[in-house]
Amino acid sequence: MGFTPAIICTPSFRYETGSTAGSTMIGVIDIKLSARSISTLFNMESRKSSVTIEEVSVTIPFPKIVKTANLKVNFGQVLYDEASKIAKWTVGNLDDKMRLQLTGEMKLESARRPDENPPLGITWKIPSASLSGLSVGGLSITGEYYKPYKGVRNIAKSGRFQIRCS
């Protein structure tokens, strides 16, 4: 059984020749983002409602030959840094009913398309969820004179998750 991420991300990069006699190339970017049904996650809290994925963000590194990019999102905020050629789309919370999209256009410095598209980086966290299914059945603390709180909180984090672009 492999790992199935909690987020569905479908990136698309297209390149076409600009209108000025083929001297420049224009790229079109389209990224769709949605939450996967997370019934495969082992929730530690018994909830009947859908699970919200928190602190969702997408990092989009652009090829070095991109001169500028004009990006729009239907939810959240996107910031593009011209110097580092990196855009960061901050979504916040994402539930399974949301269908998010980032669209935009890139102007390239030359008339040739990039050799490859860099992979997207996605981060998120899901509170009170365990991906492994492990749980703590009991906790015993000895040698302490005060009464400690014996509780365990789980959180599932994405780590360094990447999506390759075609």
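Here, every reference points to the structure presented above.
Residues numbered from 1 in each chain as written. Predicted model: local features only at pLDDT ≥ 70, side-chain atom pairs only at ≥ 80, totals over all residues. Heavy atoms only, no water.

## Let's talk about the side chain of Asp 30
Point 1. If you trace the backbone, Asp 30 turns up in strand β2 (residues 25–35).
Point 2. Of note is the side chain of Asp 30, whose polar atom sits 2.8 Å from the side chain of Lys 32. (Helix = DSSP H or I, 4+ residues; strand = E, 2+ residues; numbered from the N terminus. Polar contact = N/O pair within 3.5 Å; in protein donor to acceptor, adjacent residues only side chain to side chain.)

## A few points about the packing of aromatic side chains
Point 1. Under the counting rule described, the total for this entry stands at 1 aromatic pair.
Point 2. Here the aromatic rings of Phe 62 and Tyr 80 are separated by 5.3 Å at their centres, their planes lie at 90°, and the arrangement is edge-to-face. Placement of the pair is Phe 62 in the loop between β4 (53–61) and β5 (66–73) and Tyr 80 in strand β6 (residues 77–81), with a sequence separation of 18 residues.
Point 3. Since its relative accessible area comes to 19%, Tyr 80 is described here as buried. (Phe/Tyr/Trp six-rings, centres within 6.5 Å; stacked < 30°, edge-to-face > 60°. Buried < 20%, exposed > 50% of the residue type's maximum accessible area, 1.4 Å probe, protein only.)

## Quick word on unusual backbone geometry
Residues other than glycine predominantly adopt negative phi, and peptide bonds predominantly adopt the trans conformation.
Point 1. Backbone geometry places Glu 55, a non-glycine residue, at a positive phi of 50°.
Point 2. As for its placement among the helices and strands, Glu 55 is situated in strand β4.
Point 3. The phi angle at Lys 85 is positive, at roughly 60°, despite the residue not being glycine.
Point 4. Tracing the chain through its elements places Lys 85 in the loop between β6 and β7 (86–94).
Point 5. Accessibility expressed as a relative area gives 12% for Lys 85, which makes it buried.

## A closer look at the sheet that holds strand β8 (residues 99–108)
Point 1. Taking strand neighbours across the sheet as the criterion, the 4 strands line up as β1-β2-β8-β5 in an open arrangement whose pairing is antiparallel. Of all strands in the sheet, those bounded by a partner on one side alone are β1 (7–17) and β5. Each strand axis lies, on average, 15° off the axis of its neighbour in the sheet, ignoring direction.
Point 2. Pairing between β5 and β8: 7 bridges, direction antiparallel. Along β8, the bridge assignment pairs Val 73 with Leu 102. (Pairing = 2+ DSSP bridges. Axes fitted to C-alpha atoms, helices over the stretch in contact; angles between N-to-C directions.)

## A word on the pairing of β8
Point 1. Residues Leu 100, Leu 102, Gly 104, Met 106 and Leu 108 line the buried face of β8, whereas the alternating positions Arg 99, Gln 101, Thr 103, Glu 105 and Lys 107 sit on a face that is not buried.
Point 2. Looking at chain direction, β2 and β8 are connected through 9 bridges and run antiparallel. Looking at β8, one finds that Leu 33 is bridged to Leu 100.

## Quick look at the pattern of salt bridges
Point 1. Tallying each qualifying case throughout the model produces 3 salt bridges.
Point 2. The salt bridge involving Lys 125 is made with Glu 55; its shortest N-O contact spans 3.2 Å. Separated by 70 residues along the polypeptide, Lys 125 in strand β9 (residues 120–127) and Glu 55 in strand β4 bring together distant segments of the chain.
Point 3. With relative accessibility at 53%, the residue Glu 55 sits in the exposed group.
Point 4. In this structure, Lys 97 and Asp 96 form a salt bridge, with 3.8 Å as the shortest nitrogen-oxygen distance. (Salt bridge = Lys/Arg side-chain N within 4 Å of Asp/Glu carboxyl O.)

## Comments concerning the nonpolar core
Point 1. Judged by nonpolar contacts, the single largest core of 40 residues is most densely connected at Ile 60 and Phe 62.
Point 2. In terms of residue count, the dominant contributor to this core is β2 (5 residues).
Point 3. Sequence-distant contacts of Phe 62, that is, excluding residues within four places in its chain, are made with Phe 13, Ile 29, Ala 69, Leu 71, Tyr 80, Lys 85, Ala 87, Met 106 and Pro 118. (Core = buried A, V, L, I, M, F, W, Y, C linked by side-chain atoms within 4.5 Å. Contact = heavy atoms within 4.5 Å.)

Coordinates in, geometry out; function isn't part of it.
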